[in-house]
Amino acid sequence: MNSECCKIPKTNREFWVAKISRNQQRDIEEQRKLAEMGWHCITVWECELKPSKREDTLKSLTYTLNKIWLEDHAAIRKPYPNMEEEDGMLKAAEE
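Residues numbered from 1 in each chain as written. Predicted model: local features only at pLDDT ≥ 70, side-chain atom pairs only at ≥ 80, totals over all residues. Heavy atoms only, no water.

Asks: Got a sec to walk through the overall build of the protein chain? Specific residues and values, please.
Replies: Secondary structure summary: the protein chain contains 2 helices and 2 strands in total. Along the protein chain, helices (α) and strands (β) appear in the sequence α-α-β-β when read from the amino end. Counting the 95 residues in the protein chain, one finds 6% classified as buried. Across the protein chain, contacts joining residues at least 24 apart in sequence account for 27% of those joining residues at least 6 apart. Counting every atom, the protein chain has about 8700 Å² of accessible surface; 55% of that belongs to carbon and sulfur. (Helix = DSSP H or I, 4+ residues; strand = E, 2+ residues; numbered from the N terminus. Buried < 20%, exposed > 50% of the residue type's maximum accessible area, 1.4 Å probe, protein only. Contact = heavy atoms within 4.5 Å. Areas by Shrake-Rupley, 256 points an atom, 1.4 Å probe, with all protein chains shown as cover.)

Here it is as structure tokens:
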């Protein structure tokens, strides 16, 4: 839970703490399941979009998305564009 954003109500506090905790555990489990299916999850809290933090949040989001894209595409790209595959192995030079 982002402690800067989340304010627990003063009434029925025990209920809200338990509810928020359950929600956090559910979110972690759902993100794990999505990751197993190849999805990436990024959480942006509403408070991170306030004018005083928006620019830093967008920079961080840009960095994260670029890193994910590069990692995903590096896995399917050959290390050297002109390399050939032979029997599932990369062939670096002629025999």
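Structure's up, so let's keep going.
Asks: Break down helix α1 (residues 13-36) for me, citing the residues and quoting the values.
Replies: In this model, α1 (24 residues) spans 35 Å end to end at C-alpha, consistent with the 34 Å of a helix rising 1.5 Å per residue. Directly beyond the C-terminal end of α1, a positive phi value near 95° is found at Gly38. (Expected span 1.5 Å × (residues − 1).)

Asks: Pulling in residues and values, what's your account of the pattern of salt bridges?
Replies: All chains considered together, the criterion is met by 5 salt bridges. Of the charged contacts, one joins Glu30 and Lys33 as a salt bridge, the two residues approaching to 3.7 Å between their closest N and O atoms. Of this pair, Glu30 and Lys33 are both found in helix α1, 3 residues apart, which corresponds to roughly one turn of the helix. According to the relative accessible area criterion, Glu30 is partly exposed, its value standing at 38%. Taking the relative accessible area as the measure of exposure, Lys33 reaches 36% and is therefore partly exposed. Linking Glu36 and Arg32 is a salt bridge whose minimum nitrogen-to-oxygen distance equals 2.3 Å. Of the two residues, Glu36 and Arg32 are both situated in helix α1; the distance of 4 residues between them amounts to about one turn of the helix. Arg32 sits in the partly exposed class, given a relative accessible area of 38%. Within this structure, Glu29, Arg32 and Glu36 form a network of salt bridges that share partners. (Salt bridge = Lys/Arg side-chain N within 4 Å of Asp/Glu carboxyl O.)

Asks: Account for the environment of Trp16, naming residues and giving values.
Replies: Structurally, Trp16 can be placed in helix α1. The residues touching Trp16, leaving out its near neighbours within four places in the chain, are Ile8, Pro9 and Thr11.

Asks: Describe unusual backbone geometry, listing the residues and the values that go with them.
Replies: You will see that Asn12, though not glycine, has its phi angle at about 55°, which is positive. Relative to the helices and strands, Asn12 resides in the segment before α1.

Function cannot be inferred from these measures alone, as they are strictly geometric.
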